[in-house]
Amino acid sequence: MEENKPLVSVILTCYNRENYIRRSLESIINQTYTNLEIVVVDDCSTDNSVEIIKSYNDERIKLICLDKNGGIGIAKKTGGDNSSGEYLCFLDSDDYYMPEYVDLNIN
């Protein structure tokens, strides 16, 4: 991690998005701004979303699996409560960031 740049926590919420989660997660992993913490909150998916997330070997990813489905608001709050970045970004699992998204916003 780059100590001279602030840590940015990207909170990715997920519920049954096995068809989209790879693109979303890779759009975060491949950001030009690299001092990131990736907090993925799964809201009790019943598909293969969690297995796909677990297949990534990136130390910046923190996976939180909720015990019961609480909806997107609870998932986002949980992500925020479990993040340690100076700044927060949110991404839904059916969306993605352009490569410079965090860099442009942090500057």
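Structure first, text after, so check above.
Remember, predicted model here, so these are calculated numbers, not experimental data. (Residues numbered from 1 in each chain as written. Predicted model: local features only at pLDDT ≥ 70, side-chain atom pairs only at ≥ 80, totals over all residues. Heavy atoms only, no water.)

**Considering the overall build of the chain**
Right, so step 1: For the chain, the count of helices and strands is 4 helices and 4 strands.
Right, so step 2: Listing every helix and strand of the chain by position from the N terminus yields β-α-β-α-β-α-β-α.
Right, so step 3: In terms of overall size, the chain behaves like a compact globule, its C-alpha atoms giving a radius of gyration of 13 Å where 107 residues would be expected to give roughly 13 Å.
Right, so step 4: Residue pairs at least 24 apart in sequence account for 76% of intrachain contacts in the chain once pairs closer than 6 positions are excluded.
Right, so step 5: Per element, the accessible surface of the chain, about 6,200 Å² overall, is 45% carbon and sulfur.
Right, so step 6: In the chain, which carries 10 positive and 19 negative side-chain charges, the distance between the mean positions of the two groups comes to 3 Å. (Helix = DSSP H or I, 4+ residues; strand = E, 2+ residues; numbered from the N terminus. Rg over C-alpha atoms; globule rule 2.2 N^0.38 Å. Contact = heavy atoms within 4.5 Å. Areas by Shrake-Rupley, 256 points an atom, 1.4 Å probe, with all protein chains shown as cover. Lys, Arg positive; Asp, Glu negative; His and termini not counted. Charge placed at Lys NZ, Arg CZ, Asp CG, Glu CD.)

**Looking at the pattern of salt bridges**
Right, so step 1: Evaluated as defined, the whole model comprises 4 salt bridges.
Right, so step 2: Between Arg60 and Asp58 there is a salt bridge; the shortest N-O distance is 2.9 Å. Asp58 carries the same exposure label as Arg60, and that label is buried.
Right, so step 3: Residue Lys76 pairs with Asp92 through a salt bridge whose shortest N-O separation is 3.8 Å. With Lys76 in helix H3 (residues 72–81) and Asp92 in strand S4 (residues 87–92), this pair connects stretches of sequence that are 16 residues apart.
Right, so step 4: Taking the relative accessible area as the measure of exposure, Lys76 reaches 29% and is therefore partly exposed. (Salt bridge = Lys/Arg side-chain N within 4 Å of Asp/Glu carboxyl O. Buried < 20%, exposed > 50% of the residue type's maximum accessible area, 1.4 Å probe, protein only.)

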